[in-house]
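# Residue-level structure breakdown
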Amino acid sequence: MPTSDTVPAAPVPTGPADAVERGGGAVGQGERDARQGAVGAWLRFLRSELRLILGRRRNQVGLAVLAAVPIVIAIAVKVADPAAGGDDSTFLNQIAGNGFFVALAALALEIGLFLPLAVAVLAGDSVAGEANVGTLRGLLVVPVTRGRLLAVKYVAMVLGALLGVVLVAVVGLVAGAVLFGLHPVVTLSGTTLGLGAGLVRLALVVLYVTAYLAALGALGLFISTLTEQPMGATVGIIILSTAMWILDSIEQLHWLHPWLLVDHQLALVDLIRDPVYTHDLSLGLLTDLAYAVVFLAAAWARFSSKDVTS
């Protein structure tokens, strides 16, 4: 019969609070690691998508075309007859006195065709292009959820659009500086801003144009989910964008104008007033946001139920 001396000592019980603390710490660390791993995977996917966008030859050619426009504008104004200028309130007619306006003139000209065309190409490649070359199904097997795929495609598209807008602005500034010099900026209100303040206004113009392109990209992403032909998606986006610009120019359709994405985009000139006239700018940003929300939701609804066979 065993005595108390031979009975092994029972382990000291651990209190519930200690168990919860240790277990909670392990679970919390695991959750943090999982979140960090998910964020890392998302960023790797985004970097891969950006490398793909920048590595395509047609996109590189597109960037070269975007950069060529401000150079052509600067040279054309340089060789033109200064006496043929006219109203000094336009960006083009202010270039000869300050190369700063080359960037603004280029952005105002390219917002109607070249920049939307660049976004249309990116949008056409985003989903329809992947389906066309047979890599879309492989991306979803990785595994990548359809929501994450659309999010990465859209963010990469917006960053690509931002790159194009920044390129136009920077090349315009360089071309203007070389041919005309950079000086304090005379605003459309007649006041004068220092060059530094003028560059801040230009940065705001870049962001405003990018917001418009982001909204157009959301529309393009939705169209890209409807087809497996990237060229068809690209052409469709360009047709819609051009049609909106045409409709917005017809005064008899003024009732339709507030519903068009392009209606307030030329309000970018209000950023070169002193003080800044914010009414049309605010309406433009609200329109951009509305289009982005509606068509991103439509793209997700379409793509989440789409039968991906290739």
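Here the residue numbering is sequential within each chain, running from 1 through the sequence in written order. Given that this is a predicted model, residues contribute local features only at a pLDDT of at least 70 and side-chain atom pairs are listed and counted only at 80 or more, while totals for whole chains, interfaces and linings are drawn from all residues. For the side-chain quantities, the full set of heavy atoms in the structure was used; hydrogens and water were omitted.

Moving on to the overall build of the protein. Here a strand is any run of E in DSSP of at least two residues, a helix any run of H or I of at least four, and the numbering for each starts at the N terminus. Along its length, the protein carries ten helices and two strands. For the protein, the sequential pattern of α-helices and β-strands runs α-α-α-α-α-α-α-β-β-α-α-α. Across the 310 residues in the protein, those meeting the buried criterion constitute 40%. Taking contacts inside the protein between residues at least 6 apart in sequence as the whole, the part at least 24 apart equals 77%. Every accessible area reported is derived by Shrake-Rupley at a probe size of 1.4 Å, with residue values counting cover from the shown protein chains alone. In the structure as shown, the protein presents an accessible area of about 16000 Å², 70% of it carried by carbon and sulfur atoms. Only protein chains enter the accessibility calculation, which uses a 1.4 Å probe; a residue whose area is less than 20% of its type maximum is buried, one above 50% is exposed, and one in between is partly exposed. We call two residues contacting when some pair of their heavy atoms lies within 4.5 Å.

The next thing to look at is the packing of helix H8 (residues 195-224) against helix H9 (residues 230-248). The angle between the axes and the distance between the axes are what describe a pair of packed helices. Here the axes come from fitting lines to C-alpha atoms, over the contacting stretch only for helices, and the angles between their N-to-C directions go from 0 to 180 degrees. Taken N-terminus to C-terminus, the directions of H8 and H9 make an angle of 135°; their axes are 9 Å apart at the nearest point. Considering the angle they form, H8 stands oblique to H9. Once H8 is placed against H9, the crossing between them reads as right-handed. Across the interface between the two elements, Tyr212, Leu216, Leu219, Gly220, Ile223 and Ser224 from H8 touch Ala233, Ile237, Leu240, Ser241, Met244 and Trp245 from H9. Classifying every residue of the contact of H8 with H9 by side-chain character gives nine nonpolar, three polar and no charged. The scheme is simple: roughly parallel for angles under 35 degrees, roughly antiparallel for over 145, roughly perpendicular for 65 to 115, oblique for anything else. For a crossing to be left-handed, the near helix must be turned anticlockwise from the far one by less than a right angle; the clockwise case is right-handed. Classes in brief: Ala, Val, Leu, Ile, Met, Phe, Trp, Tyr, Cys and Pro nonpolar; Asp, Glu, Lys and Arg charged; the others, Gly included, polar.

Right, let's talk about the packing of aromatic side chains for a bit. By convention, a stacked pair of Phe, Tyr or Trp rings (six-membered ring in the case of Trp) has centres within 6.5 Å and planes under 30 degrees apart, an edge-to-face pair has planes over 60 apart, and any other such pair is tilted. Throughout the structure, instances matching the rule amount to four aromatic pairs. Taken together, a centroid distance of 6.4 Å and an interplanar angle of 80° make the contact between tyrosine 212 and tryptophan 245 edge-to-face. Of this pair, tyrosine 212 sits in helix H8 while tryptophan 245 sits in helix H9, placing them 33 residues apart in sequence. Through pairs of rings, three or more aromatic residues link up here, namely Phe222, Tyr291 and Phe295.

For every residue, the predictor states its confidence as a pLDDT score lying anywhere from 0 to 100. Averaged over all residues, the pLDDT of the protein is 84; the fraction at 70 or higher stands at 79%. Predicted confidence in the protein is weakest over helix H6 (residues 136-141), with a mean pLDDT of 62, and strongest over H8, with 96. pLDDT under 50 marks residues 1-10. Its contacts with residues more than four places away, or in other chains, come to zero contacts.

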